[in-house]
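# Notes for the structure review
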Amino acid sequence: MKFDQKSAQGDTPSQWTYRVKYARRKTIGIYVSAEQGVEVRVPHFVSRKEADDFVALKRNWIEKQLQSIARRPQRFEPTYRWGEPVYFLGEQQIIHHLDGDGVDIVLPGQADDSVELIERRVQGWFRQQALALFTERHDHWQGHMRQLNLPVSTLHIRAMKRRWGTCRSNGKIIINTHLARYPLNCVDVVIVHELCHLLEFNHSRHFYRLMDQAMPDWKTHDAMLNRLSLLY
Ligand SMILES: [Zn+2]
């Protein structure tokens, strides 16, 4: 299951510029991203003028892409200081080294711990929680989907940049550690998705029939995860 995790960047579409990059390729390609802006990749046999003409022709499309990037809300990023929140299961949890009002999770540490040290502690806690959570949900759904005769699978976690989960033909399911930030239904839809891959490797019609059978409202959960992953 793939996802796109790009942060918002205010880019005024009326005054954008673009970079032309010559590359070994057969056609001109235009790439628009929050990080890189507009990049035009051009084959060596195409002149600069031809490239500029092509960009002019695609102007509307490029501006639409820039607008949709600018409209994206700023993502929440944890600051890793005591008393500051991190997201877990769709809720902000205040993490502190001291027990007190409004504190959800107490971790060992000192007031003057560095951001790096707090980050390591918080991430250690998060990994532990994520593994326990995903294992429990994996076992739950393995049982719930019993009638599909799923092969045996094992659950692993890994912090990944571009995927929520993967499933190997040997039954090894890897779930993105970051998924534990989101509500339970978002966690479940990824786990069910990967469990369905045990029976059907491709995103074929058969695959989506399995999804419908196992989790009739999976599309709602999928959409929620896509939406929330732009926010935190
Ligand atoms: Zn998939």
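Residues numbered from 1 in each chain as written. Predicted model: local features only at pLDDT ≥ 70, side-chain atom pairs only at ≥ 80, totals over all residues.

The next point concerns the domain arrangement of the protein. Interface size is often expressed as the accessible area that is lost when the parts come together. In terms of domain boundaries, the protein breaks down into domain 1 (13–71), domain 2 (84–124) and domain 3 (127–228). Distance from the C-alpha centre of domain 2 to the C-alpha centre of domain 3: 28 Å. With six residues of domain 2 at the contact, the number on the domain 3 side is eight residues. For the side of domain 2 that touches domain 3, the secondary-structure elements that each account for two or more residues are β4 (84–88) and α3 (115–144). (Domains from an automatic or database assignment. Contact = placed C-beta atoms within 7 Å. Helix = DSSP H or I, 4+ residues; strand = E, 2+ residues; numbered from the N terminus.)

What follows concerns the sheet that holds strand β6 (residues 105–106). Read from one edge of the open sheet, three strands run β4-β5-β6, paired in mixed fashion. Two strands in the sheet have a free side with no partner beyond their single neighbour: β4 and β6. Here two bridges tie strand β5 (residues 91–96) to β6, and the two strands are oriented parallel to one another. Looking across to β6, one finds that isoleucine 95 is bridged to isoleucine 105. (Pairing = 2+ DSSP bridges.)

Sheet faces and side chains relate simply in a regular strand, where the side chains alternate between the two faces. Strand direction decides the pairing type here: strand β2 (residues 29–33) and strand β3 (residues 37–43), joined by five bridges, are antiparallel. Looking at the pairing, valine 32 lines up with valine 38 of β3.

As a further point, take the pairing of β4. Looking at chain direction, β4 and β5 are connected through five bridges and run antiparallel. Looking across to β5, one finds that valine 86 is bridged to glutamine 93. Hairpin remark: β4 followed by β5, antiparallel, with two residues in the connecting loop; positive phi at leucine 89, about 50°.

Let us now look at the packing of helix α4 (residues 184–197) against helix α6 (residues 218–228). The packing of two helices is summarised by the inter-axis angle and the distance between the axes. Running from N to C, α4 and α6 point in directions that differ by 115°, and their axes come no closer than 9 Å. Between α4 and α6 lies a crossing whose hand is left-handed. Contacts between α4 and α6 involve Asn185, Cys186, Asp188, Val189 and Val192 from the former and Trp218, His221, Asp222, Met224, Leu225 and Leu228 from the latter. Tallied by class, residues from the contact of α4 with α6 come to seven nonpolar, two polar and two charged. (Axes fitted to C-alpha atoms, helices over the stretch in contact; angles between N-to-C directions. Left-handed = near helix turned anticlockwise from the far one by under 90°. Nonpolar A, V, L, I, M, F, W, Y, C, P; charged D, E, K, R; others polar.)

To continue, consider the sheet that holds strand β8 (residues 165–167). An order of β7-β9-β8 is seen for the three strands of this open sheet, with the pairing classed as mixed. Edge strands, defined here as strands with exactly one partner in the open sheet, are β7 (154–158) and β8. Recorded for the sheet is a direction-independent mean angle of 20° between the axes of neighbouring strands. Alignment of β8 against strand β9 (residues 172–176), held across three bridges, turns out to be antiparallel.

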